Amino acid sequence: HLRHWGEVTPDMPALIYYGTELTYAELDALSERFANVLAGRGVGKGDRVAVFMPNCPQFHIAFYGILKLGAIHVPISPLSRELELSYHLTDTEAKVIVALDTLMPLVRSVRDETALEHVLATSLSHLLPAEPAISVPDFVAAAPVDCPDAEDFMTAVRAAPAGRVEGADLDAIAALNYTGGTTGLPKGCIHTQRDMVFTGAANWSVAMGGEQDIVWLSYFPEFWIAGENAALIYPVITGRPLVLMTRWDPVGLL
């Protein structure tokens with residue numbers, strides 16, 4: 001779907017982040033480059049890639065790049081502490097993690113007890129416009145934190161090859177979405193790419209009434225399944241713009 005809209009409506013805004021706009025062609029290209037970043041570091045179909053950050057455009061680039069390669073997206077709540085982060089990484093045997101720069105101390109504290117081979121870091125402010133169109137929470141606008149023990153995510157993406165990768169499979173595992181049940185530690189719920197397409201199509205046909213001029217807005221946390229559906233799946237299934245907020249902000253929303 002992302003590749004389709006990147007070709008059919010390349011100039012349509014796919015993502016609007018406090019005024020920064022990424023078109024469908026740009027999001028398609030950037031995620032293709034991230035898929036090549038992963039492939040260049042030995043990641044292949046079925047390998048787990050952890051994403052440890054709140055809502056931002058980099059989350060979208062990582063998500064679609066992981067799925068294009070046929071790897072498995074492992075979202076981890078940015079509210080996690082050391083024990084929770086270590087559990088998720090160990091349980092999935094993730095080889096790569098994309099982390100928010102301010103969460104790198106947690107990554108460092110558990111890295112030696114995991115299977116991590118590569119760490120990429122990024123900042124919420126990396127893709128903010130010079131003059132934001134709406135109010136920006138202070139923590140979103142904060143200056144990037146230096147992370148000498150991690151690759152800079154956007155630098156790696158922009159330097160990667162642009163060629164199309166293969167590996168995506170509708171019935172292969174696309175994501176492990178961890179959920180806290182009534183007993184024990186969270187379990188990884190298996191979602192395939194076909195599950196995601198079905199979820200998006202069903203929501204569009206039942207809830208949206210076939211309207212074609214929808215603009216989506218989401219502040220739901222994207223590591224959570226509702227945020228994944230609302231921000232990462234529904235807009236791209238429908239080919240419509242998404243206004244993305246890092247978190248709930250009534251002033252920004254108005």
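Residues numbered from 1 in each chain as written. Predicted model: local features only at pLDDT ≥ 70, side-chain atom pairs only at ≥ 80, totals over all residues. Heavy atoms only, no water.

Q: For a nonpolar patch on the surface, give the residues involved together with the corresponding values.
A: A contiguous nonpolar surface patch, about 270 Å² in accessible area, is contributed by Leu 217, Trp 248 and Leu 253. Tracing the chain through its elements places Trp 248 in the loop between strand 11 (242-244) and helix 10 (250-253). Since its relative accessible area comes to 44%, Trp 248 is described here as partly exposed. (Patch = residues over 30% accessible without salt bridge, like charges linked within 9 Å, V, L, I, M, F, W, Y side chains within 5 Å. Areas by Shrake-Rupley, 256 points an atom, 1.4 Å probe, with all protein chains shown as cover. Salt bridge = Lys/Arg side-chain N within 4 Å of Asp/Glu carboxyl O. Helix = DSSP H or I, 4+ residues; strand = E, 2+ residues; numbered from the N terminus. Buried < 20%, exposed > 50% of the residue type's maximum accessible area, 1.4 Å probe, protein only.)

Q: Requested: an account of unusual backbone geometry, with residues and values cited.
A: Peptide bonds are mostly trans, and most non-glycine residues show a negative phi. Here the phi dihedral of Tyr 18 falls at roughly 55°; this positive angle occurs in a residue that is not glycine. With respect to the helices and strands, the residue Tyr 18 is situated in the loop between strand 1 (13-17) and strand 2 (20-23). Residues other than glycine seldom take positive phi values, yet Glu 93 does so here, at roughly 55°.

Q: I'd like a description of the side chain of Ser 125, backed by residues and values.
A: With respect to the helices, strands and loops of the structure, Ser 125 is situated in the loop between strand 6 (118-122) and helix 6 (138-141). At 2.8 Å, the side chain of Ser 125 forms a polar contact with the backbone oxygen of Ala 142. For Ser 125, the contacting residues outside a window of four places in its chain are Val 140, Ala 141, Ala 142, Ala 143 and Pro 144. (Polar contact = N/O pair within 3.5 Å; in protein donor to acceptor, adjacent residues only side chain to side chain. Contact = heavy atoms within 4.5 Å.)

Q: Which residues make up the sheet that holds strand 1, and what are the values?
A: In spatial order, the strands read 2-1-11-10; together these four strands make up an open sheet with mixed pairing. The strands lining the two open edges of the sheet, one partner per strand, are strand 2 and strand 10 (216-218). On average, each strand axis in the sheet is inclined to that of its neighbour by 20°, with strand direction left out of account. For strand 1 and strand 2, the ladder comprises four bridges, and the chain directions are antiparallel. Paired with Leu 15 across the bridge in strand 2 is Leu 22. In the packing of helix 2 (residues 24-40) onto the sheet, the strands contacted are strand 1 and strand 2, and the crossing angle to strand 2 comes to about 75°. Sitting on the sheet, helix 9 (residues 225-238) touches strand 10 and strand 11, and the angle it makes with strand 10 is about 170°. (Pairing = 2+ DSSP bridges. Axes fitted to C-alpha atoms, helices over the stretch in contact; angles between N-to-C directions.)

Q: How would you summarise the pattern of salt bridges if you had to cite specific residues and measurements?
A: Side-chain pairs of opposite charge can arise where the charged atoms are in close proximity. Tallied over the full model, the rule gives nine salt bridges. Note that Arg 164 is salt-bridged to Glu 166, the shortest N-O span being 3.9 Å. The residues Arg 164 and Glu 166 share a single accessibility class, namely exposed. Here the salt bridges share partners, and the residues they tie into one network are Arg 3, Asp 28, Glu 32 and Lys 68.

Q: Could you give an account of the pairing of strand 1, naming the residues involved and the relevant values?
A: Along strand 1, five of the five residues are buried, which leaves the element largely enclosed by surrounding structure. Taken together, strand 1 and the strand that follows it, strand 2, pair antiparallel across an intervening segment of two residues, in which Tyr 18 is found at a positive phi of about 55°. The pairing of strand 1 with strand 11 spans two bridges and is classified as parallel. Within strand 11, the residue paired with Leu 15 across the bridge is Leu 242.

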